[in-house]
Amino acid sequence: MNSTLNADLHCHSVVSDGTLTPEALAARAAARGVDLWALTDHDEIGGQHRAMAAARAEGIGYLTGTEISVTFADQTVHIVGLGFDADDADLRDGLVRTRGGRGERARDMAASLERVGICGAYEGALRYAGNPELISRTHFARYLVESGVCRDTYEVFRRFLTEGKPGFVPHRWARLGDAVGWIVRAGGMAVIAHPARYGFSANEEYALFTEFKAHGGQGVEVVTGSHSAQEALKYAAMAREFSLAASRGSDFHSPDESHTDLGSLPPLPADLTPVWTLLAHRVH
Ligand code: AMP
Ligand code: MN
Ligand code: MN
Ligand code: MN
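Residues numbered from 1 in each chain as written. Chains lettered and ligands numbered in written order. Predicted model: local features only at pLDDT ≥ 70, side-chain atom pairs only at ≥ 80, totals over all residues. Heavy atoms only, no water.

**A word on the pattern of salt bridges**
Alright, step 1. Applying the stated criterion across every chain, the model contains 15 salt bridges.
Alright, step 2. Salt-bridge contacts for Glu23 lead to Arg50; the nearest nitrogen and oxygen are separated by 2.7 Å. Taken as a pair, Glu23 in helix H1 (residues 22–31) and Arg50 in helix H2 (residues 48–58) lie far apart in primary sequence, 27 residues in all.
Alright, step 3. On the basis of relative accessible area, Arg50 is assigned to the partly exposed category, the value being 37%.
Alright, step 4. Salt bridges sharing partners connect three or more residues here, namely Arg28, Arg32 and Asp261. (Salt bridge = Lys/Arg side-chain N within 4 Å of Asp/Glu carboxyl O. Helix = DSSP H or I, 4+ residues; strand = E, 2+ residues; numbered from the N terminus. Buried < 20%, exposed > 50% of the residue type's maximum accessible area, 1.4 Å probe, protein only.)

Now the structure itself:
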């Protein structure tokens, strides 16, 4: 498969914390010139068959996708899975367990916000959650904007919901080796999502890449809506150092919130191996 095609392999629908349906995302991707698309909802693959059918109707290529929440070195890391069998039972079970703690976490987040005078956040966030099993910080962020506490969701994450701020609740997600294993055994490729977003030291980051590879991980996001041009260069070098394939994805969540739209990213550096050249047999 062509290495310069407009691939966008990271975005979210109402099945997790996006605001558009899988069908609306497929239409938006097609309209914006995406040739190969993947819907990567957090800890969920409930939208995969809809996304696949919608991509076919729009005449664009599709790879199955998800973005699994992992705890590594006491931090949350996201692992994107691409091109797996969406009906794989072990992957499904793993994701059910991974998202299982979200309800209780959300109640604890609301209790924490109440201590600084913000009331009704659990009910408020739940109204934004298209999937009640997948209540996330993004839904709380939307409620804090709606209720006038913050101007936009970026301000929310500066003032709330992150480590040391009101509304933050530490949480233990899946183990790195488990998440990579579920994806790989379902026939897919595991990819480290937006590596520049983590607050790791150089040693911790080296450990993440080393262990990820040892578990069978094969890719890293280089060009993403979460990276600056400089960060893309840094992780292009990491992809070379660790012999990882490179992925590209906007991480689009919403027309009203996301700075990077579907299909609007710069190309991958030409010498890297795009993940999709290794997943040609998995394209729908
Ligand atoms: P959760 O899985 O519930 O912890 O929610 C994580 C989601 O919150 C991410 O996927 C983003 O959509 C959003 N998010 C987290 N941190 C930030 C941030 N600093 N700025 C903007 N959005 C963020
Ligand atoms: Mn998200
Ligand atoms: Mn992420
Ligand atoms: Mn994402």
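Now that the structure has been shown, the text picks up again.
**Observations concerning the coordination of the manganese ion (ligand 2)**
Around a metal, the idealised angle for a tetrahedral arrangement of four donor atoms is 109.5 degrees; for an octahedral arrangement of six donor atoms it is 90 or 180 degrees.
Alright, step 1. Within the first shell, the manganese ion (ligand 2) binds the protein through Asp17 (OD), His42 (NE2) and His253 (NE2), at distances of 2.1 to 2.2 Å.
Alright, step 2. Each donor residue of the manganese ion (ligand 2) lies on the same chain, and together they follow the pattern D-x24-H-x210-H.
Alright, step 3. Taken as an interatomic distance, the gap from the manganese ion (ligand 2) to the manganese ion (ligand 3) is 5.6 Å. Residue Asp17 is found in the loop between strand S1 (7–8) and H1, and its partner His253 is found in the segment after strand S8 (245–249); the two are separated by 236 residues along the sequence.
Alright, step 4. Taking relative accessible area as the criterion, His253 reaches 14% and is therefore assigned buried. (Donors = N, O, S within 2.8 Å, 3.2 Å for Na, K, Ca; no water.)

**A closer look at the coordination of the manganese ion (ligand 4)**
Alright, step 1. Coordination of the manganese ion (ligand 4) by the protein comes from His10 (NE2), His12 (NE2), Glu67 (OE) and Asp251 (OD), over a distance range of 2.1 to 2.2 Å.
Alright, step 2. Counting the intervening residues between successive donors of the manganese ion (ligand 4) yields the motif H-x1-H-x54-E-x183-D.
Alright, step 3. Separating the manganese ion (ligand 4) from the manganese ion (ligand 2) is a distance of 4.5 Å. Placement of the pair is Glu67 in strand S4 (residues 65–72) and Asp251 in the segment after S8, with a sequence separation of 184 residues.
Alright, step 4. Residue Glu67 is classed as buried on the basis of its relative accessible area, which comes to 0%.
Alright, step 5. For Asp251, a relative accessible area of 11% corresponds to the buried category.

**Regarding the domain arrangement of the chain**
Size of an interface, as often reported, equals the accessible area lost when the parts are brought together.
Alright, step 1. What the domain assignment reports for the chain is domain 1 (7–98 + 173–282) and domain 2 (102–159).
Alright, step 2. For domain 1 versus domain 2, the separation of C-alpha centres amounts to 25 Å.
Alright, step 3. Contacts between the two partners involve 16 residues from domain 1 and, on the opposite side, 11 residues from domain 2.
Alright, step 4. Of all residues in domain 1, Asp17, Trp173 and Glu257 give up the largest surface area on contact with domain 2, accounting jointly for 45% of the area buried on that side.
Alright, step 5. For the pair domain 1 and domain 2, the interface holds 2 salt bridges.
Alright, step 6. Residue Arg102 is joined to Asp43 by a salt bridge in which the shortest nitrogen-to-oxygen separation is 3.0 Å.
Alright, step 7. Where domain 1 packs against domain 2, one counts 8 residue pairs in polar contact (both at pLDDT 80 or more).
Alright, step 8. Across the side of domain 1 that touches domain 2, the residue classes tally to 3 nonpolar, 9 polar and 4 charged. (Domains from an automatic or database assignment. Contact = heavy atoms within 4.5 Å. Buried area = accessible area lost by both parts, 1.4 Å probe. Polar contact = N/O pair within 3.5 Å; in protein donor to acceptor, adjacent residues only side chain to side chain. Nonpolar A, V, L, I, M, F, W, Y, C, P; charged D, E, K, R; others polar.)

**Regarding helix H3 (residues 89–99)**
Note on helix geometry: an α-helix contains 3.6 residues per turn, so any two residues three or four positions apart are oriented the same way.
Alright, step 1. Among all positions in H3, only Leu91, Gly94, Leu95, Thr98 and Arg99 are buried. Down the axis of H3, the smallest arc covering the buried residues is 120 degrees, so these residues share one side.
Alright, step 2. Buried-residue contacts for H3 involve S4, helix H4 (102–114) and helix H8 (176–185).
Alright, step 3. Where H3 starts, the residue carrying a side-chain oxygen 3.2 Å from the main-chain nitrogen of Asp90 turns out to be Asp88. (Arc of directions from axis to C-beta.)

**A look at the sheet that holds S8**
Alright, step 1. Judged by pairing direction, the sheet is mixed, and its 5 strands sit side by side in the order S4-S5-S6-S7-S8 without closing on themselves. Because the sheet does not close on itself, it has two edges, and the strands there are S4 and S8. Across the sheet, the mean angle from the axis of one strand to that of its neighbour is 40 degrees, orientation sign disregarded.
Alright, step 2. Where strand S7 (residues 219–224) and S8 come together, 5 bridges link them in parallel fashion. Residue Val223 lies in a different strand from S8, and its bridge partner there is Arg248.
Alright, step 3. Sitting on the sheet, helix H9 (residues 202–214) touches S4, strand S5 (75–82), strand S6 (189–192) and S7, and the angle it makes with S6 is about 175 degrees. (Pairing = 2+ DSSP bridges. Axes fitted to C-alpha atoms, helices over the stretch in contact; angles between N-to-C directions.)

**Notes on H8**
Alright, step 1. Every buried residue belonging to H8 is among Leu176, Ala179, Val180, Gly181, Trp182 and Ile183, and all of these are buried.
Alright, step 2. Looking at the packing, one finds that the buried side of H8 touches S4, S5, H3, S6 and H9.
Alright, step 3. One or two positions beyond H8, positive phi appears at Gly187, with a value near 85 degrees.

**Describing the site of ligand 1**
Alright, step 1. The full set of residues close to ligand 1 is Asp17, His42, Arg102, Arg105, Ser136, Arg137, Thr138, Phe157 and His253.
Alright, step 2. At 3.1 Å from an oxygen atom of ligand 1 is found a side-chain nitrogen or oxygen belonging to Asp17.
Alright, step 3. Within the side chain of Arg105, one N or O atom sits 2.7 Å away from an oxygen atom of ligand 1.
Alright, step 4. Notes on ligand 1: free accessible area 500 Å², of which the protein chains cover 79%.
Alright, step 5. Among the secondary structure elements, those contributing two or more residues to the shell around ligand 1 are H4 and helix H6 (137–146).
Alright, step 6. Each residue belonging to the shell around ligand 1 can be placed in one class, and the counts come to 1 nonpolar, 4 polar and 4 charged.
Alright, step 7. Of the residues that make up the shell around ligand 1, three or more belong to each of domain 1 (7–98 + 173–282) and domain 2 (102–159). (Near = heavy atom within 4 Å. Areas by Shrake-Rupley, 256 points an atom, 1.4 Å probe, with all protein chains shown as cover.)

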